[in-house]
Amino acid sequence: QVQVAESGGGLVQAGGSLRLSCVASGRIFSMSRMGWFRQAPGKQRELVASITNGGTTNYADSVKDRFTVSRDNAKNTVYLQMNSLKPEDTAVYYCNAVTPVTTTQTSGYWGQGTQVTVSS
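If you're wondering where the values come from, they're calculated on a predicted model, not measured in any experiment.

Parameters at a glance
- Residues numbered from 1 in each chain as written.
- Predicted model: local features only at pLDDT ≥ 70, side-chain atom pairs only at ≥ 80, totals over all residues.
- Heavy atoms only, no water.
- Pairing = 2+ DSSP bridges.
- Helix = DSSP H or I, 4+ residues; strand = E, 2+ residues; numbered from the N terminus.
- Axes fitted to C-alpha atoms, helices over the stretch in contact; angles between N-to-C directions.
- Contact = heavy atoms within 4.5 Å.
- Disulfide = S-S within 2.5 Å.

J.: Whenever I open this one, the sheet that holds strand 1 (residues 4–7) confuses me. Can you help?
T.: By definition, the strands of a sheet pair up through backbone hydrogen bonds, in either a parallel or an antiparallel sense. The antiparallel open sheet is built from four strands, whose spatial order is 1-3-8-7. Edge positions in the sheet fall to strand 1 and strand 7 (67–72), since each has one partner strand and no second. For this sheet the average axis-to-axis angle between neighbouring strands, irrespective of direction, equals 15°. Strand direction decides the pairing type here: strand 1 and strand 3 (residues 18–24), joined by four bridges, are antiparallel. Bridge assignment links Val-4 to a residue of strand 3, and that residue is Ala-24.

As structure tokens, then:
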């Protein structure tokens, strides 16, 4: 079983920055694809950014050039650096870990989420 826990959310003014952290337990973190998702009130959960075990990153168009996802396999941690924050970035941010189970199967795990609120 993989445990996933986010931290680093909070209240920030528009234009400010926050860095979210996500620690995932388990020896296979380095083999896992990690993702950051967010869900605003009344909206569906959406992918913000992801990073593969090889370091390939992917971003939603709405956060490109403002957010950066990175990982430290030695610390079992993935980060989301958020700059130039906008009120529309306000949401609960969730960390997701997709870990290999077999050569063809994976399992996904979610954290509890961390609130990010951007004031105008």
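Now that the structure has been shown, the text picks up again.
J.: Just checking my understanding: could you explain the environment of Gln-44 for this structure?
T.: The residue Gln-44 is located in the loop between strand 4 (33–39) and strand 5 (46–51) in this model. Along the backbone, Gln-44 and Asn-76 are 32 residues apart, and their C-alpha atoms lie at a distance of 28 Å. Beyond its immediate stretch of four places on either side in the chain, Gln-44 contacts Arg-38 and Gln-39.

J.: Sorry, what's going on with the state of the cysteines here?
T.: Working definition of a disulfide: a covalent bond connecting the sulfur atoms of two cysteines. Per the counting criterion, the structure on display carries one disulfide. Across the disulfide from Cys-22 sits Cys-95; the S-S distance is 2.1 Å. Torsion about the S-S bond of the Cys-22 and Cys-95 cystine: about -80°, corresponding to left-handed handedness. One end of the pair, Cys-22, is in strand 3; the other, Cys-95, is in strand 9 (residues 91–100), and 73 residues separate them in sequence.

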